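Now for the letters of each chain:
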Amino acid sequence: MGSIQALRGTRDILPEETSSWQRVESVARSILGRAAYQEIRTPIFEQTDLFERGIGEATDVVGKEMYSFKDRGDRSLTLRPEGTAGVVRAFIEHGLYAQGGVQRLWYTGPMFRYERPQAGRQRQFHQLGVEVLGSVDPRADAEAIAIAADILRALGLKDLHLALNSIGNTDDRQAYRQALIDYLTPHQAELDADSRDRLSRNPLRILDSKDVGTQAVLQQAPNILEYLSPASQTRFEQVKKLLDTLGVTYQIDARLVRGLDYYTHTVFEIQSDNLGAQATVCAGGRYDGLVTELGGPATAAVGWAIGLERLILLLQQLQPSMVTKVDFYLVSRGEAAEAQALVLAQKLRQAEFSVELDLSGSAFGKQFKRADRSGAVACLILGDAEAETQTVQLKWLKTGDQTAIAQAELLSDPDTLRQQIIRSLNAS
RNA sequence: GCGAGCGUAGCCAAGUGGUUAAGGCAGAGGAUUGUGGUUCCUCCAUUCGGCGGUUCGAGUCCGCUCGUUCGCCCCA
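Note that the coordinates shown come from a computational prediction; the quantities given were computed from them, not determined experimentally.

Student: Looking at this structure, I do not really get the overall build of chain A. What am I missing?
Tutor: A tally of helices and strands in chain A yields 16 helices and 16 strands. For 428 residues, the compact-globule formula gives about 22 Å, and the C-alpha radius of gyration of chain A, at 28 Å, lies well above that figure. C-alpha extents for chain A along the principal axes are approximately 95 × 55 × 45 Å. Total accessible area on chain A is roughly 21900 Å²; 50% of this is exposed by carbon and sulfur atoms. Of the side chains in chain A, 47 bear a positive and 55 a negative charge, and the two mean positions are spaced by 2 Å.

Shown next, in the form of structure tokens:
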């Protein structure tokens, strides 16, 4: 192709798809609003440092997936690869902690990671996420998880499962990490190359390797849940009990570790079997250390993010998106009539009807064909004869009934007109 | 970064060495110069992602390249 195309890993969301996106946003917005979450909008790029410190230098996201560049002032900037770091930065920068209590925030927008695109994964993708800052209470974890489940359910999604785990506090994880290294080191030869590599760098990540040999070795590996301190254990028990009480079903997955360094205690993923290799639609957890890590006061926090492309993939498996249809399709021909039609269209719109004005100037026959295809409820016809008398033909496309009516009269009683439209829509 | 598959019109496609690149949808015009969803007619790719090679001859074979899809890594 000689012409310019969208960059690898990016794509256009065309009109036939935008209604799905709008539906997701409006469902999420209303559920979050009822739970007292407030929207926050942060910049799409930040100082590179923020992500390096927040997400962790050893993670793949920071190590090889960031879109980083120098600006004209020689500052290193990065297109945000996830939403939490920016929200926490704003939380600290604006002293939101000073307002006391708990901050419940949500956001949505594009994220960027330099990866090879595949099913459910792009370089520019969109997330909708929440961050609950300022509570250690296990109820905060349970509430956040329940709300995520609510949003997915309200959208009609089924066959999702919630995988849950606790990775404890920093000390717990340190102890477990050592135990895992001790166990795996003698088995090094049986591990796949990637896992062998991670043994020194990031041993926890070996747990979710897809390699069968590695998985076999892991069968006998120590379980992280047995390395939790009594306090961490109690905390995890509380979260589980609260989810039970809420009727949220989950499976414990002791192999579930997340890829970003900031997680502590509760971690979870909501997965689908219908997404190919990238099964996770929503993921999150607790991150009690991140706010201090980024220079703020000690603040406990939980959050999650939904991958919107993946969500919409699932939605479209349920039902193809539908095109919005218009009340009136306005057909006109002849100079005077075309001018009157433009005015009539505007007046109808001001009266809150939806109107599509045919601009083609082609023969009436062609315009009718388009009226039909547009799915409009009724067609308005304005030709020389109507222009002369300031009237318009009103034709109900379902029945073919047609009457002449003065333009002024059409606009004089919008309520009756609206009822007629509804009646026509309901008639099969 | 690695592996595999695939690139023919706006979309779905047939074609697997001989040249006039099927067909369908969508689109444009007409039969019907002011009445749709049916029908009928006409038009709609000097060219097969790009470049180079093999051959008398390439959409078809080979090489490279770009794009895309799926998988690995990793993640939402």
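Student: Even after reading the chapter, I still don't get unusual backbone geometry, so can you show me in this structure?
Tutor: One can expect most non-glycine residues to show negative phi and most peptide bonds to be in trans. At Asp 159, a position not held by glycine, the phi torsion is positive, near 60 degrees. In this structure, Asp 159 sits in the loop between helix H5 (138-154) and strand E7 (160-166). At Glu 352, a residue that is not glycine, the phi angle is positive and equals roughly 70 degrees. Tracing the sequence through the fold places Glu 352 in the loop between helix H12 (335-350) and strand E13 (355-357). For Glu 352, a relative accessible area of 66% translates into the label exposed.

Student: Explanation requested: the protein's contact with RNA strand B in the structure shown.
Tutor: Among the 49 residues in the neighbourhood of RNA strand B, the closest are listed as Arg 113, Arg 121, Arg 198, Arg 205 and Gly 259. Backbone atoms, meaning sugar plus phosphate, form 55% of the atoms of RNA strand B positioned within 4 Å of the protein. Ala 283 places a polar main-chain atom, nitrogen or oxygen, 3.5 Å from a sugar or linking oxygen of RNA strand B. When residues of the surface near RNA strand B are traced back to their parent elements, those giving at least two are helix H3 (60-64), strand E6 (124-133), helix H7 (193-201), strand E10 (280-286), strand E11 (301-307), helix H13 (364-374) and helix H14 (384-389). Per-element accounting of the surface near RNA strand B gives the leading share, 7 residues, to H13.

Student: Honestly, the sheet that holds strand E1 (residues 38-39) in this entry has me stumped. Any pointers?
Tutor: Strand pairs in the sheet, formed through backbone hydrogen bonds, run parallel or antiparallel to each other. The mixed open sheet is built from 8 strands, whose spatial order is E1-E5-E6-E11-E10-E9-E7-E8. What marks the edges here is a single partner per strand, and that holds for E1 and strand E8 (251-252). As paired strands, strand E9 (residues 264-272) and E10 are joined by 6 bridges and run antiparallel to one another. From the neighbouring strand, Phe 268 faces E10, where its bridge partner is Gly 284.

Student: Explanation requested: helix H16 (residues 414-426) in the structure shown.
Tutor: Since the α-helix advances by 3.6 residues per turn, residues separated by three or four positions end up pointing in the same direction. Here H16 is 13 residues long and its end C-alpha atoms lie 18 Å apart, about the 18 Å a rise of 1.5 Å per residue gives. By the burial criterion, the buried members of H16 are Leu 417, Ile 421 and Ser 424. Down the axis, H16 shows its buried residues gathered within 65 degrees of arc, on one side only. Residues of H16 that are exposed and angled more than 90 degrees away from the buried face: Asp 415, Arg 423 and Asn 426. Against the buried residues of H16 lie strand E12 (328-332), H12, strand E15 (391-396) and helix H15 (407-412).

Student: Quick question: what am I supposed to make of the packing of H5 against helix H9 (residues 230-246) here?
Tutor: The description of two packed helices rests on the angle between their axes and on the distance between the axes. Across the interface, H5 lies against H9 with an axial gap of 9 Å and an inter-helix angle of 40 degrees. The pairing of H5 with H9 is recorded here as oblique in orientation. For the element pair H5 and H9, the recorded crossing hand is right-handed. Across the interface between the two elements, Pro 138, Arg 139, Asp 141, Ala 142, Ile 145 and Ala 146 from H5 touch Arg 235, Gln 238, Val 239, Leu 242, Leu 243 and Leu 246 from H9.

Student: Would you mind showing me how to read the nonpolar core here?
Tutor: Grouped burial of nonpolar side chains is what soluble globular proteins tend to show. Formed by 91 residues in total, the largest nonpolar core has its most connected members in Leu 32, Tyr 37, Ile 151, Leu 184, Trp 304, Ile 306 and Leu 311. In terms of residues, this core owes the most to one element, H5, which gives 9 residues. Ranked by size, the runner-up nonpolar core spans 22 residues in total, among them Ala 337, Ala 387, Val 392 and Leu 410.

Student: I keep staring at a nonpolar patch on the surface and nothing clicks. Help me out?
Tutor: Where nonpolar side chains cluster on the molecular surface, the patch consists of Ile 44, Phe 45 and Phe 69 and spans about 250 Å² of accessible area. Topologically, Ile 44 is positioned in the loop between E1 and strand E2 (45-47).

Student: Help me understand the side chain of Gln 127, please; the structure alone is not making it clear to me.
Tutor: The residue Gln 127 is located in strand E6 in this model. Excluding residues within four positions of it along the chain, Gln 127 makes contact with Glu 82, Gly 83, Tyr 107, Thr 108, Gly 109, Met 111, Arg 113, Ala 305, Ile 306 and Leu 308.

Student: What's the story with the domain arrangement of chain A in this structure? I'm lost.
Tutor: How big an interface is tends to be stated in terms of accessible area lost as the parts join. What the domain assignment reports for chain A is domain 1 (15-169 + 229-318) and domain 2 (328-420). Computed from C-alpha atoms alone, the centre-to-centre distance between domain 1 and domain 2 is 49 Å.

Definitions and limits used
The residue count restarts for each chain, going from 1 along the sequence in the order it is written. Chain letters and ligand numbers both follow the written order, the letters beginning at A and the numbers at 1. For this predicted model, a pLDDT threshold of at least 70 governs which residues receive local features, and a threshold of 80 or more governs which side-chain atom pairs are given and counted, while totals over whole chains, interfaces and linings are taken from all residues. Water and hydrogen atoms play no part in the side-chain values, which are based on all heavy atoms of the structure. To qualify as a helix, a DSSP run of H or I must reach at least 4 residues; to qualify as a strand, a run of E must reach at least 2; elements of each kind are numbered from the N terminus. Radius of gyration means the value over C-alpha atoms here, while the globule rule gives 2.2 Å times the residue count to the 0.38 power. Here the open area of atoms and residues is found with the Shrake-Rupley method and a 1.4 Å probe, where only the protein chains shown may cover a residue. Residues counted as positive are Lys and Arg, residues counted as negative are Asp and Glu, and His and the chain ends are not counted. Charge coordinates come from a single atom per side chain, which is NZ of Lys, CZ of Arg, CG of Asp or CD of Glu. Throughout this description, buried means an accessible area under 20% of the type-specific maximum (1.4 Å probe, protein chains only), exposed means over 50%, and partly exposed covers the range between. Residues are classed as near a molecule or strand on a simple rule: at least one heavy atom within 4 Å of it. Two N or O atoms count as a polar contact when they lie within 3.5 Å, although within protein this holds only if one can serve as hydrogen donor and the other as acceptor, and sequence-adjacent residues are included solely when both atoms are side-chain atoms. Two strands pair if DSSP finds at least two bridges between them. The length a helix should cover is 1.5 Å for every residue beyond the first. In this context, the arc is that of the directions from the helix axis out to the C-beta atoms. In what follows, a contact means two residues having at least one pair of non-hydrogen atoms within 4.5 Å. Where helices are involved, their axes are fitted lines through C-alpha atoms of the stretch in contact, as for all axes, and angles between N-to-C directions lie from 0 to 180°. Under this scheme an angle from 65 to 115 degrees is roughly perpendicular, one under 35 degrees roughly parallel, and one over 145 degrees roughly antiparallel; angles in between are oblique. By convention the crossing between two helices is left-handed if the near helix lies anticlockwise of the far one by an angle smaller than a right angle, and right-handed if it lies clockwise. Residues grouped as a nonpolar core are buried Ala, Val, Leu, Ile, Met, Phe, Trp, Tyr and Cys residues, joined through side-chain atoms within 4.5 Å. Note on patches: the residues involved have over 30% relative accessible area and no salt bridge, like charges join within 9 Å, and the nonpolar side chains Val, Leu, Ile, Met, Phe, Trp and Tyr join within 5 Å. Think of a salt bridge as a Lys or Arg side-chain nitrogen and an Asp or Glu carboxyl oxygen that are within 4 Å of each other. Domain delimitation in this document rests on an assignment produced automatically or drawn from a domain database.

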